Amino acid sequence: MCNRSCIAFGERSLGPALVAGRDVLEVGAHDVNGSLRLWVESLGPARYVGVDLVEGPGVDELVDATELVGHFGRESFDLVITTEMVEHTRDWRTVVSNLKGVLRPGGHLLLTTRSPGFAYHAWPHDFWRYEPADMRRIFADLELLTVEPDPEAAGVFVLARRPETFVERTPDVALVSILTGRREHDITDRQIQRFMVGYRVRELVRRGRARLNPAGRSGVRLAGALRRSRNAAWRRLPFALRSTIKRALGRA
């Protein structure tokens, strides 16, 4: 998944020097609303592998993001791309560790994700919101080349390089959870269940209001048609009768 500004960031950040002749891994590669794959493949990588939990466009292998190192081995890719994925992973620490683990020394990581203020969007789940300061702490063991906000929506973009001498560090970071609206170290099953109950109720209320309220386009058209029909019927009444009705209503 990749929105317009995400694609622009990828095209601006990834050139032949980082891609040509390199082994590239995309994590969360299912192309739902856009992908960097066409751009990256146009730069001539030696290999491009797209992985996801489900089959679909852009997916070459089904691999859980928590099992990248176990599946591919350590230091197996020169470039790792993951767009709009890490907010959907409950165990984000293990996922981040795997993203770092499959990078070769000198390899690059390009990552985009959502920040506080972006609405709930399950695919199939949605857990976390990341701020630029969170990214600086989470990837402090890499050389951070870019950490910037998404210019179009609440989100953050990261480009980082794995140093030749790498010692992984996992900071004690509490992220903003979309489920609780607070910073949390972890999310419990009970918190997930409580949020989902409330979310389903809110969706039912929203849909009910949408059906009852003619605020949509069809509702506006219907209201306009009714108003025009009413006015036409009023004009067809004899003038004397209209005057009598106006006096009765106190509008004469």
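Up top you'll find the structure we're talking about.
Parameters at a glance
Residues numbered from 1 in each chain as written. Predicted model: local features only at pLDDT ≥ 70, side-chain atom pairs only at ≥ 80, totals over all residues. Heavy atoms only, no water. Helix = DSSP H or I, 4+ residues; strand = E, 2+ residues; numbered from the N terminus. Buried < 20%, exposed > 50% of the residue type's maximum accessible area, 1.4 Å probe, protein only. Contact = heavy atoms within 4.5 Å. Areas by Shrake-Rupley, 256 points an atom, 1.4 Å probe, with all protein chains shown as cover. Salt bridge = Lys/Arg side-chain N within 4 Å of Asp/Glu carboxyl O. Pairing = 2+ DSSP bridges.

A. Quick peek at the overall build of the chain. Across its full length, the chain carries 9 helices and 10 strands. Looking at the 252 residues of the chain, the share that counts as buried comes to 44%. Counting only contacts in the chain whose residues sit at least 6 apart along the sequence, the fraction spanning at least 24 positions is 67%. Element-wise, carbon and sulfur atoms account for 54% of the exposed surface of the chain, whose accessible area totals about 13800 Å².

B. Broad picture of the pattern of salt bridges. Tallied over the entire structure, the rule returns 19 salt bridges. Between Asp60 and Arg37 there is a salt bridge; the shortest N-O distance is 3.0 Å. Placement of Asp60 in the loop between strand 2 (47-52) and strand 3 (61-62) and of Arg37 in helix 3 (residues 37-42) is noted, with a sequence separation of 23 residues between them. The exposure class of Arg37 is buried, given its relative accessible area of 15%. Between Arg129 and Asp126 there is a salt bridge, with the nearest N and O atoms lying 2.7 Å from each other. The structure contains a network of salt bridges with shared partners spanning Asp23, Arg47, Asp78 and Arg104.

C. Seen up close, helix 5 (residues 92-101). The buried fraction of helix 5 amounts to 8 of the 10 residues, a majority that puts the element mostly inside the structure. Residues Trp92, Arg93, Val95, Val96, Asn98, Leu99, Lys100 and Gly101 constitute the buried set of helix 5.

D. Up close: the pairing of strand 8 (residues 155-161). The buried fraction of strand 8 amounts to 6 of the 7 residues, a majority that puts the element mostly inside the structure. The pairing of strand 5 (residues 103-114) with strand 8 spans 7 bridges and is antiparallel. Bridge assignment links Arg114 to a residue of strand 8, and that residue is Gly155. In this sheet, strand 8 lies alongside strand 7 (residues 143-149) in antiparallel orientation, the contact comprising 6 bridges. Counterpart to Glu148 in the pairing with strand 8 is Phe157. Between strand 7 and strand 8, which follow one another and run antiparallel, lie 5 residues.

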